[in-house]
Amino acid sequence: MIKLFRYLSVALLITLNIHFLKAQGKSELVIPKGKMLILKKNPSPLEKITVQGVLRVADVKDIEIQVAQIVIDGGTFEIGTEQKEKKYKCQITFIHSSGTLSSGLKVINHGNLLFYNPPAIVPSIEYPSGAGKEKQLAKNIVLSTVNKTVKALIRLEKAAKVNLSGVLFKNMGDSLEPAFLWKGNKEAKASLSNSVFVNSKGDDLVLENTSARIENNIFISANGSSIICSKNGKGYQNKIESNLLINSNKKGTYALLVGNPFQSIQKNKVKVANSANGIAIKKPNPTKDRAWSTVSKFFVLSNNSIELNDSTNKEHQNIGLFIDAFNHLGIWRTTHNEILNFPVGAIIKSKNTVLFEYNFKENLVGIYPGAAYVENSRFIHSHLNPELNSKAIWATDSLGKSAPKLSNIKIRNYKTGIFYEGRIAPENYFKEIVSENTTTLGFGNLDPESIIVAKGFKEEKTENKPSQRPMTHKVNQNHHTHHTKPKKKKDYLLFHQDSPLHTNNSKPLVENAEIYQSPRDSYGTLIISTGHGLLDPVHEHSYFFNTLDLINNGTQKTISLKKPTNRTTLFTAGKNVYELKLGEEAMNFFDLSFEWESTPGNWIVLKVPYPHKKPFAMHSFGNLIDQSSSAEELMTNKRTSYFINSETIYVKLFNTKNVDELVLYSSDVLAEITLADKRVPISIKTNEEENEVLITCKTVKSTPATLELLDYYGNVVETLFDGIASKPEIKASIDLEKFDITNNVYLYSLKIDGKTHKGPIHTY
């Protein structure tokens, strides 16, 4: 009896309010804060409904609300409940406004929008064809327009709680504005599930600054994107999972477009046609980059299927997956995605991105990998006669940096498996490539500075001649001779015939006569430095190499300096003789350091211009290097050494382990050090009357210092000074009767101001 009284009271109050507003010439329903309206029958068409309290639609009969605009202003709009299946239909039909109101639904001031229709739909099924069949998928809660001329928009701005389940959105939006714009806040509880978008006049769903769950929905789009998430970069940790996106737009937009990569995009099925593309992770601002590295946010892209339905249409260059060049240090790992029937399966511009266990089927070009890792993936064509331009993997610098890392790849029925062109950065590699009915490697206009790393090639060696095709092909093996020696896996380098890496020891590749191959262990890294570029300097000065050319004596191919520096790293072939040219500035470099890092037993010989008198060579840690007596001895000895020929020094670096170093210096040049940003000379003079050598170093102020005398091997034989000088000067003497400086080489070691300075002791 009490409940009946309350219901009659509420119903009476509502009726009085509505009639009152109509009497004033308006058709507006206002539900004040603290009040509740339970709607049990169709209201008359309304211009506007404002909900500051609670509007609840009862599930007792089919109800249609015809209204131009609904505003949830801090209140709550409820249809259905989470616990009970909805039996009757609620239709919200947006009509033309008689005034200036824009049609649609708006949530502001932390209002709540709660539409429940619990039975789940399964978007993995095919969308049923035929008019009206969308009602089979979400039939009990419908938001639509009275006709196609009405522009009705759904706008959520900082809603407190949003739960939309089992809703059909039909004929919403327009060509310039999305059907559903969700401007949220990351703290809000928000989900859209089991719902359908159909016949939107533009984009379907746009998420900005949300952390929403978009799950188990169907989007049927022909005029724009199905989902746009965080296009402005704001909003992360949205879960876009298990949705079916059917997109046939003719604008070339992506069915799913994401601006902030830190989302969870999983188990979606994307089917596109016409000029529509699949999934894109694009930078919010292409001209202004930012750092995207973080430990608290995750980029998840896994178990999605992306398919082009109309693969016979050659007019459009549809793209299945696009990942932009985000600036991030951490590894982004994407897994188990499938891409089918596209002219271009995927374009990856982002570094440190892994594509693991991808399945590329029937794509003309499987992937432009950029600098990504592609691992444990398959590239399959079903046709036995490959299309002329089909390429499983196309490595090119035309789309940005190219340095793909490819491993455990299976390729079937492509014209070319891996195609290289342009500038390929040296950190690339490929290994474990298995190809069927496919030419494994192809080359376009390869830049001479490109280096392609082939890991684990199987070099076939027979008694007749060595094979020039050291690759893993699981194809017809009948071309092998009977007397095959055990296969040895090695890493190889592939490069253009004009490459500086090409030496007389290189062999041409069977697939392309302009491409040569050579074992990786025959190469090494040469570091040339001077002045402050020396990690442990003998002398210190600020000169830079402005010009530097390293010329192979056998092929005359040249490696040149790219920009002025005091320390440059060059990758080059071992067991070769090179001429180093320093131009007219050679006189400035009285300390030259050469470091050679390669496999044990590998060596390199450098012909170095050195116009200074009294040259010596030493290791940076102090001990001197023995000089060879002739050029012939230098070439035959298995050790690091040097040979002086007038103003040219031949330097040989021989690796007994993995790295060796030689530093050239002249005892005829006055050494300098830097103290408190000032250049301070170290004076070494012979006092014949006292039979001693004087070492003097002026200091900027009284400074703690240690001056030591080192022998040939770098051992301390005497401490010459240890303490704080009484004057701004360090001064010490060496007894020539005790130490034979004239016939043996000694070094000084000066530790001052947190640094150690070394140099030779000499007499005049």
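A brief look at the structure comes next. (Residues numbered from 1 in each chain as written. Predicted model: local features only at pLDDT ≥ 70, side-chain atom pairs only at ≥ 80, totals over all residues. Heavy atoms only, no water.)

Looking only at helices and strands, one finds 2 helices and 64 strands in the protein. Sorting the 764 residues of the protein into buried and exposed places 53% on the buried side. Long-range contacts, defined here as pairs at least 24 residues apart, represent 65% of the contacts in the protein between residues at least 6 apart. With the model as given, the accessible surface of the protein reaches about 35,100 Å², and the carbon-plus-sulfur share is 49%. (Helix = DSSP H or I, 4+ residues; strand = E, 2+ residues; numbered from the N terminus. Buried < 20%, exposed > 50% of the residue type's maximum accessible area, 1.4 Å probe, protein only. Contact = heavy atoms within 4.5 Å. Areas by Shrake-Rupley, 256 points an atom, 1.4 Å probe, with all protein chains shown as cover.)

To continue, consider the packing of aromatic side chains. All chains considered together, the criterion is met by 23 aromatic pairs. Summarising the aromatic geometry, the rings of tyrosine 420 and phenylalanine 430 are spaced 6.4 Å apart at their centres and angled 35 degrees between planes, so their arrangement reads as tilted. One end of the pair, tyrosine 420, is in strand β39 (residues 416–422); the other, phenylalanine 430, is in strand β40 (residues 429–436), with 10 residues separating them in the sequence. Each member of the pair, tyrosine 420 together with phenylalanine 430, is buried. Ring pairs connect the aromatic residues Phe169, Phe180, Trp182, Phe197 and Phe219, which therefore count as one cluster. Here the basic side chain of lysine 455 rests over the ring of tyrosine 429, its NZ or CZ set 4.1 Å away from the ring centre. (Phe/Tyr/Trp six-rings, centres within 6.5 Å; stacked < 30°, edge-to-face > 60°. Lys NZ or Arg CZ within 6 Å of the ring centre and 35° of its normal.)

Most of strand β11 (residues 152–157) sits inside the fold, with 5 of its 6 residues counted as buried. Both strand β8 (residues 103–108) and β11 contribute to a ladder of 5 bridges, which runs parallel. Looking at the pairing, lysine 106 lines up with arginine 155 of β11. Examined bridge by bridge, β11 and strand β14 (residues 180–183) share 4 bridges and lie parallel to one another. Looking across to β14, one finds that glutamate 157 is bridged to lysine 183. (Pairing = 2+ DSSP bridges.)

A few words now on the pattern of salt bridges. On inspection of all chains with the given rule, the structure shows 16 salt bridges. Residue glutamate 338 is joined to lysine 361 by a salt bridge in which the shortest nitrogen-to-oxygen separation is 3.6 Å. Separated by 23 residues along the polypeptide, glutamate 338 in strand β31 (residues 338–340) and lysine 361 in strand β34 (residues 359–361) bring together distant segments of the chain. By relative accessible area, which is 28% here, lysine 361 ends up partly exposed. What emerges from the salt-bridge pattern is a single network uniting Lys151, Arg155, Asp174 and Glu177. (Salt bridge = Lys/Arg side-chain N within 4 Å of Asp/Glu carboxyl O.)

What follows deals with the sheet that holds strand β51 (residues 591–597). Pairing between the strands of a sheet is mediated by backbone hydrogen bonds and can be parallel or antiparallel. Pairing in this open sheet of 5 strands is antiparallel, and the strands run β49-β46-β51-β56-β53 from one edge to the other. Each edge of the open sheet is held by one strand with a lone partner, namely β49 (567–573) and β53 (615–618). Strand after strand, the sheet turns through a mean of 20 degrees between neighbouring axes, direction not considered. Judged from the 4 bridges that link them, β53 and strand β56 (residues 659–666) form a sheet pairing that is antiparallel. Its bridge partner being in β56, alanine 617 is matched across the sheet by leucine 664. (Axes fitted to C-alpha atoms, helices over the stretch in contact; angles between N-to-C directions.)

Structurally, glutamate 692 can be placed in strand β59 (residues 692–698). Buried charge glutamate 692 goes without a salt bridge, the closest partner of opposite sign being lysine 731 at 7.9 Å. The contact partners of glutamate 692, leaving out residues within four places of it in the chain, are Lys685, Thr686, Asn687, Ser733, Ile734 and Leu736. (Lys, Arg positive; Asp, Glu negative; His and termini not counted.)

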